Amino acid sequence: MIEQFKSIWQRRELLFYMVTSELKAEHKNKVLGFLWSFLDPLLLMATYILLVVLIFDRGGPQFPVLLFCAILSWRWFTSSLSIAVVSITSKSKVVQTTRFPLAVLPLSGIIAGLVDYLVAFVILIPLLFAFDATFSVNVLWLPVLIIVQLVLTIGAALLCAALGTYLTDLKNIVQFILRLGFYLSPILYSVVDTVPERFETYYMLNPFAALIESYKNILVRGEPPSEYMAIAAAVAVIVFVIGFWYFGREEHRLVKAI
Amino acid sequence: MEAIRATDLGIRFKVGKRKRTSARNIVVSGFRRRRGGADDFWALRHVSFTVSKGDTIGVIGRNGSGKSTLLRVIGGIYPPDEGEVSVQGSVSTQFSLGAGFETELSGIENIYLNGILMGLSKKYIDSVLDDIIGFADIGEFINMPVKTYSTGMETRLGFAIAIHVHRDIVLIDEILVVGDAEFRKKCDERLDKIMGERTILLVSHDMNAIRRFANKVIWLDKGQIVAQGEPEEVIQRYLGS
C-alpha cells in the first residue's frame, strides 16, 4: 500500500491538473459557471424546504441551515461516488494508452468535489448568521470531520472504481444505495426527533449518520461532535484500507477488463 | 545494445470471467462459466523478438492481429500473462494521440493536461509550449475548446505534444495516415530526425511508410508472429498472403 501512495504522490502534479481541468470543464460551458457550486445545493435545499416545511409541516426554525449543512456534505459524497464508479471506463482511451496510477481518476473527482464543498461555505456562513446558529469552540472540529469524510470517501470510491469497471450496472446499484443512504442519514430530519431510542445505536452505525449529525452539532448547535464519531472514524479507516488493498490488487487487471 | 526483448510473450483476455459484464450476466451464466479456459482469448501468444537500440521496427498485420496489444505490452499497460518482456530505457506511449483530451478545455490547457499525463513536468512544458503550438500550427484554434476542432486539428495537436516527449523508446500507432500532405511531410521529417537516436516501433497499414522508415518488420497474424526480418521480404509475403 505504501508503494501505491508513493506512485500517486509522484504523480501529484497530474492529480492537480486532473482536478483543475475537471473543475474547469464542469463549469466552463455554463452561463453561470462557478455560481452553480452555490446554486445547486441552494436549489436542492429549497426543494426540501418545500417538501418538509410546507407539505409535511415539520422542521424547526433552524431547519433550513441544518438541512444545508447536511446537503453539502452528502452532495460531496454522492458526486464522488457517481464519478468514481465510471471513472475508469469513461476514460478508457487514456487508460489503454498511457501508464499512470489509475487511482488518480477517482481521486481527482473526490478532490474536485471537496473544492466545490469548501466553496459552498461562502453561502453557508451567512446562512449560519441568518438562522442564529450558536458559535462555539467546537467549530474547530470541522477539519477533523472533513478528513474523516475524505478518508471514507476515498475508500468507497476506490472500491466503486474497480468494481464498476468489471460490473457495468454497479452504476445503477450505487445510485440506489445513495438514494437509500440519503433517507437513512439525518439529512431531512434530526436524530433526536425522529429515530426511536431503541434503534439509535444501530442507526448511528451508519458513518454518515454520525458525520452529518456532527456537522450539524459543531456548525449550528454549538455542540461537540456526535459520540458515535469514533465509530465512524474507525469505519472510515477500515473502508479506506479495504479500498486501497482491493484497488491495488486489481489495478493491472482493470485495463484489460475495459 | 538491446532495447526490447520479448520471450514467448502471451496476453490473454478472459472473455467469460474477468471481462466487463453485468449483474444479469453473472446470474444467468456466471456459474456455468466458472471454469475458465475455453473462453480465453489470446491476443498475443508465443511472441518472441528482440529490438536493438536505434532500430525502427515496422509492425504490420490485419485488423485485430495484436499489433496495438503488442505496443501496450511494451508500454507497460498490460503485464504479460505468459512469457516475459524486458524493456531497457524509458518508453513514450505516443500511440495515444489526443486520447487524453478534455474536449471542453482549450488547446493550450490540453497541452498541459496531456503533457503531464505523459509524464512531463509543468516546467518542461512551459519551456516547449511555443514549439508545440508552432508545430501544431492550428492558428487561433489553440485558444478554443478542443471540441471545436476537426479530426485533423486534433491529430496535429496530439502529435505536436507527443513528439516533445523525449523518451528512449517511441511507440507510434497509425498516425502517419492522418493529416494533410503538408503536415504529413512535417511529421515524416521529424521521424527522420529521431530515427537512429531512438528506438521506434511503428504500427501502420501504410506499406510505403513502413518501407520508408523501418529497418526491420514484424508481421503479426491472430496474435502470432508469421514472419520477421528484412522489410521488403516480409512486406512482399504479407501482401501476397
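Data block above holds the structure.
One structure accompanies this document, and this report is about it. Here the structure is a predicted model, which is why all the values come from computation and not from measurement.

## Topic: the pattern of salt bridges
Scanning all chains against the criterion turns up 18 salt bridges over all chains. Notably, a salt bridge pairs Lys24 of chain A with Glu109 of chain B, separated by 3.0 Å at the nearest N-O pair. With Lys24 of chain A in helix α2 (residues 12-28) and Glu109 of chain B in helix α3 (residues 107-117), this pair bridges two chains. The residue Arg75 of chain A makes a salt bridge to Asp116 of chain A at a minimum N-O spacing of 4.0 Å.

## Digging into the interface of chain B and chain A
Taken together, the contacts link 38 residues of chain B with 34 residues of chain A. Across the chain B/chain A interface, buried area totals approximately 3100 Å², and carbon plus sulfur atoms make up 56% of it. Across the chain B-chain A interface, the total number found is 3 salt bridges. Counting every contact that joins chain B to chain A gives 8 residue pairs in polar contact (both at pLDDT 80 or more). Those elements that place two or more of their residues in the side of chain B that touches chain A are β1 (2-14), α1 (23-30) and α3 of chain B. Residue contributions to the side of chain B that touches chain A peak at 5 residues, all from α3 of chain B. Partitioned by chemical class, the residues of the side of chain B that touches chain A number 16 nonpolar, 10 polar and 12 charged.

## Re the sheet that holds strand β3 (residues 56-60) of chain B
All names here are of chain B. Strand order in the open sheet formed by 6 strands is β5-β6-β7-β3-β8-β9, with mixed pairing between adjacent strands. In this open sheet, the two strands that pair with only one neighbour each are β5 (91-92) and β9 (224-229). Summarising the sheet, β3 and strand β7 (residues 199-203) pair through 4 bridges and their orientation is parallel. Each residue of the ladder has a partner; that of Ile57, found in β7, is Leu201. Across the face of the sheet, helix α2 (residues 67-74) comes into contact with β3, β5, β6 (169-173), β7 and β8 (216-221) while running at roughly 155° to β6.

What counts as what
- Residues numbered from 1 in each chain as written.
- Chains lettered and ligands numbered in written order.
- Predicted model: local features only at pLDDT ≥ 70, side-chain atom pairs only at ≥ 80, totals over all residues.
- Heavy atoms only, no water.
- Salt bridge = Lys/Arg side-chain N within 4 Å of Asp/Glu carboxyl O.
- Helix = DSSP H or I, 4+ residues; strand = E, 2+ residues; numbered from the N terminus.
- Contact = heavy atoms within 4.5 Å.
- Buried area = accessible area lost by both parts, 1.4 Å probe.
- Polar contact = N/O pair within 3.5 Å; in protein donor to acceptor, adjacent residues only side chain to side chain.
- Nonpolar A, V, L, I, M, F, W, Y, C, P; charged D, E, K, R; others polar.
- Pairing = 2+ DSSP bridges.
- Axes fitted to C-alpha atoms, helices over the stretch in contact; angles between N-to-C directions.

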